Amino acid sequence: MRTFRRALLCGGLSLGLASHAGAQTAPLLGFTPQGSAAERALEAKFDSSLSADAIRARLQQMAAEPNQVGSPHDKANAEFELAQFKAWGWDAHIEVFSVLYPTPKAESLELLGDQPYKAQLTEPPVAGDATSARTDGALPAYVAYGGDGDVTAPLVYVNYGMPDDYKALARMGVDVRGKIVIVRYGAGWRGLKPKLAQEHGAVGCIIYSDPADDGYGPGDAYPKGAWRNENGIQRGSVMDMPVRAGDPLTPDVGATANAPRIPIADANTILKIPTLPISYGQAQHFLAALGGPVAPKGWRGALPLTYHVGPAAQVHLVVQSDWSQKPLYDVIAVLKGSERPDEWVVRGNHRDGWVYGAEDPLSGQSALMEEAKSLGAMAKAGWRPRRTIVYASWDGEEPGLLGSTEWAEAHAAELQAKAIVYINSDGNGRGFLGTEASYSLRALLDQAAGDVKDPETGVSVRQRALANLAVKGAEPGATEDDKKRGKAAASGVLPIGDLGSGSDYSPFVQHLGLASINLGFGGEGSSAGVYHSAYDTFEHYDRFGDPGFHYGVALAQTSGRLVLRTANAEIAPLRFTNLADTVGDQVEELKKLTRTMRERTEAIDKLLDQRAYSLAADPLLSSAPPEREAAVPEIDFKALEDAVTRLKASAKAYDEAAASAGALKPERRNQVNALLQGAEQSLTDTRGLPGRPWYRHLIYAPGLLTGYGSKTLPGVREALESRRWPEAGEFVGRTAAVLQAVSDRLDKATALLKG
Ligand SMILES: [Zn+2]
């Protein structure tokens, strides 16, 4: 789904940790000095088996045919990997789930009227790309979990189709009720576009990639360059994932064959209106047919036409899907731990693509398999991890994180009792390290990044990421976020993103409360232009994604270190000062947000009282004044402030005790590890977030109106943003309670460490 191509942390940001002089000799978190030396020697052995050519060959094979859910090649890839794991000495099996997975039966899009036009909904082969010609079994233009329908209606252009766009349309006097909307990709999760259109009364939705954002705007189109050409289509899921991920018919339980299933009519994550994605070559015909008001400046893309809003032109949209069950094949491989087999380190990457899936996801998948090969070789040579290592190749990620979510739900109790960490990757490419992580894992991630060499420059991938961010932040025109990241990076702190959604870590961290990491390289290779398109082929990736596959090896080295260090550390390598400091900053942010909202509301009220909007309006154009908003009351944040103060003290005491802890008696060590294993879960509330109980984490979640991007302290922040004041107060209390629960745990662990 989402990978570290462009964004490189588009989720929220909070600061990492200070610089790492002498990284190669510093003791590793959770290890004694002798243990650190032995661990580094083991990692050197691990590296020695990693091969860029092997990663390349495996990707070429796995991306040779369409491998979406339900396709023969997806199953063949699962069986291929099962055989590989077994050959490498892992205890491996395929876990099958049965999910509702719609596929297109009939679809069409036509412009009616005196200049009729029928849209092309497939991607023709590209010269020099043999794979793109092997189209048997490839999905045409399609989004999964949109509604079925046969509708004819006037067309309206709604820009990115986000809440502010509908507010602007209302002020222009344009109503989308009973209309079909055309919306461009970007500025938010794909699924929000048809969802918000549906909520505003539209009867159909067309999503296209505007070349300004995703085509010849950023660079030459494929095959000349890497970027999306006029025929490139971005498929995807429009499931209402910000409400719940996973199979729509088996909420909260694994979709095993005999699982209880709800009727499809009751599935609240399936949308109602027919929706189709198209290329900009096709969209041009529909946008050119629009009249009505000229689109506001910020709505205009890069197509050679004047962008109008409409409504105009009659459009006929048909989508009929085959709503049947399909099997998912999750490949699960286990290396049992020697000392603590009931403590698990879980590593995963999805395997299913939308068509050939070379960059997304097989670039990351092939690196994961290379790690498994090397770990297997070490195990065959007699090595055993302390804790159990579980490797997973997920199916069904693209339609809605299905394979990972069903597995997480099916094994929820065992995972919550045993898993220490979940480490995720997705697509990968040439460039800079991008990371998102639970706050307690940032020190581990920062240290590991300091120990992996960047293939292009020879410095550590950590140092290179810092340089990149510092330069970006100092550029003229840098965004506030880039400036913030740049400042942190310039002071040697590696910015690490907050976990929102968009890949398989979501069920682990946000539903089960397991400490998680998401990582990948990117920012130089350019695969964004073929995202979810039939042009995301081995040929495109070999030319533009990661020529030489050196970043495949860098990903394997970085993730491999995270797995090995978590599996072998005496004490689980978690640290908590970052959690306390970051949440403290976020509480201050929320207080500032409330103040800003109050000032803005009062300012607009004043302008409304003075009739300033109608006086300033152009009488020839219809534009209404903004709605008057509810006044912003005082919100009592004391409970949260107190919880943060205590957590800062508890975290400091724990981190200091952990850093100076010597060898512990096994029983005491196991008690400390048990407390740490449950720390992230303490940040969850089983009642979940308002209107979406599947999301239980009270510190980070995907925004209801962002879909991918993370919202921190989501219960409080989203209630404030949508002016639900009593709910904001309630979640101040609930969030304070989970912070107190973590402090309780840390105080116990510190006492044990201090003995
Ligand atoms: Zn993906």
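Every value quoted in this text rests on a predicted model; they were computed, and no experiment measured them.

**Q** Which residues make up the packing of helix H2 (residues 52-62) against helix H16 (residues 538-545), and what are the values?
**A** Orientation of H2 relative to H16, taken along the N-to-C sense of each, is 150°, at an axis distance of 9 Å. Here H16 runs roughly antiparallel to H2, going by the angle between their axes. Only Phe538, Tyr541 and Asp542 of H16 make contact with H2, whose side of the interface consists of Arg56, Leu59 and Gln60. A class-by-class count of the residues in the contact of H2 with H16 yields three nonpolar, one polar and two charged.

**Q** Tell me about the pattern of salt bridges, residues and numbers included.
**A** Taken as a whole and judged by the stated rule, the model has 53 salt bridges. Here Glu480 makes a salt bridge to Lys483, at a shortest N to O gap of 3.1 Å. On the criterion of helical spacing, the pair formed by Glu480 and Lys483 is a turn pair, its members being three residues apart in helix H14 (residues 480-490). For Lys483, a relative accessible area of 39% corresponds to the partly exposed category. The partner of Arg669 in a salt bridge is Glu570, with the nearest N and O atoms 3.5 Å apart. Taken as a pair, Arg669 in helix H21 (residues 666-677) and Glu570 in the loop between helix H17 (550-568) and helix H18 (577-609) lie far apart in primary sequence, 99 residues in all. For the pair formed by Arg669 and Glu570, the shared burial category is buried.

**Q** Before we move on, can you summarise the packing of aromatic side chains with the specific residues and values?
**A** Enumeration over the complete set of coordinates arrives at 19 aromatic pairs. Summarising the aromatic geometry, the rings of Phe85 and Trp90 are spaced 5.7 Å apart at their centres and angled 65° between planes, so their arrangement reads as edge-to-face. Trp90 carries the same exposure label as Phe85, and that label is buried. Ring plane angle 85° and centroid distance 5.0 Å describe the contact between Tyr439 and Tyr700, whose orientation is recorded as edge-to-face. Here the residue Tyr439 occupies a position in the loop between strand E14 (431-437) and helix H12 (442-449), and Tyr700 occupies one in strand E17 (residues 700-702), the gap between them amounting to 261 residues. Assessed through its relative accessible area of 1%, Tyr439 is described here as buried. Taken together, Phe85, Trp88, Trp90 and Tyr391 form an aromatic cluster joined through their ring pairs. Lying across the ring of Tyr695, Arg692 places its NZ or CZ 5.2 Å from the centre. Above the ring of Phe731, the side-chain terminus of Arg734 is found at 4.7 Å from the ring centroid.

**Q** Account for the environment of Gly291, naming residues and giving values.
**A** As for its placement among the helices and strands, Gly291 is situated in the loop between helix H7 (280-287) and strand E10 (312-335). Take Gly291: its relative accessible area is 23%, and that puts it in the partly exposed class. Sequence-wise, Gly291 and Thr152 are 139 residues apart; in three dimensions their C-alpha atoms are separated by 18 Å. When neighbours within four sequence positions are excluded, Gly291 is seen to be in contact with His308, Val309, Gly310 and Ala312.

**Q** Before we move on, can you summarise the domain arrangement of the chain with the specific residues and values?
**A** The domain boundaries assigned to the chain delineate domain 1 (4-100 + 326-568), domain 2 (103-323) and domain 3 (577-754). Using C-alpha coordinates to define each centre, domain 1 is positioned 30 Å away from domain 2. With 39 residues of domain 1 at the contact, the number on the domain 2 side is 53 residues. Both sides of the domain 1 and domain 2 interface together cover about 3500 Å² of buried area, and 55% of this is carbon and sulfur. If you sort the residues of domain 1 by the area they bury against domain 2, Leu100, Trp354 and Tyr535 come out on top, with a joint share of 23%. For the interface between domain 1 and domain 2, the tally reads one salt bridge. Ionic pairing is found between Arg134 and Glu65, a salt bridge with its closest N-O pair at 3.5 Å. Viewed at the interface, domain 2 and domain 1 are joined by 29 residue pairs in polar contact (both at pLDDT 80 or more). Only strand E2 (91-111), helix H9 (397-400), helix H10 (402-410) and H16 provide two or more residues apiece to the side of domain 1 that touches domain 2. The element best represented in the side of domain 1 that touches domain 2 is H10, accounting for five residues.

Calculation rules
- Residues numbered from 1 in each chain as written.
- Predicted model: local features only at pLDDT ≥ 70, side-chain atom pairs only at ≥ 80, totals over all residues.
- Heavy atoms only, no water.
- Axes fitted to C-alpha atoms, helices over the stretch in contact; angles between N-to-C directions.
- Helix = DSSP H or I, 4+ residues; strand = E, 2+ residues; numbered from the N terminus.
- Parallel < 35°, antiparallel > 145°, perpendicular 65-115°, else oblique.
- Contact = heavy atoms within 4.5 Å.
- Nonpolar A, V, L, I, M, F, W, Y, C, P; charged D, E, K, R; others polar.
- Salt bridge = Lys/Arg side-chain N within 4 Å of Asp/Glu carboxyl O.
- Buried < 20%, exposed > 50% of the residue type's maximum accessible area, 1.4 Å probe, protein only.
- Phe/Tyr/Trp six-rings, centres within 6.5 Å; stacked < 30°, edge-to-face > 60°.
- Lys NZ or Arg CZ within 6 Å of the ring centre and 35° of its normal.
- Domains from an automatic or database assignment.
- Buried area = accessible area lost by both parts, 1.4 Å probe.
- Polar contact = N/O pair within 3.5 Å; in protein donor to acceptor, adjacent residues only side chain to side chain.

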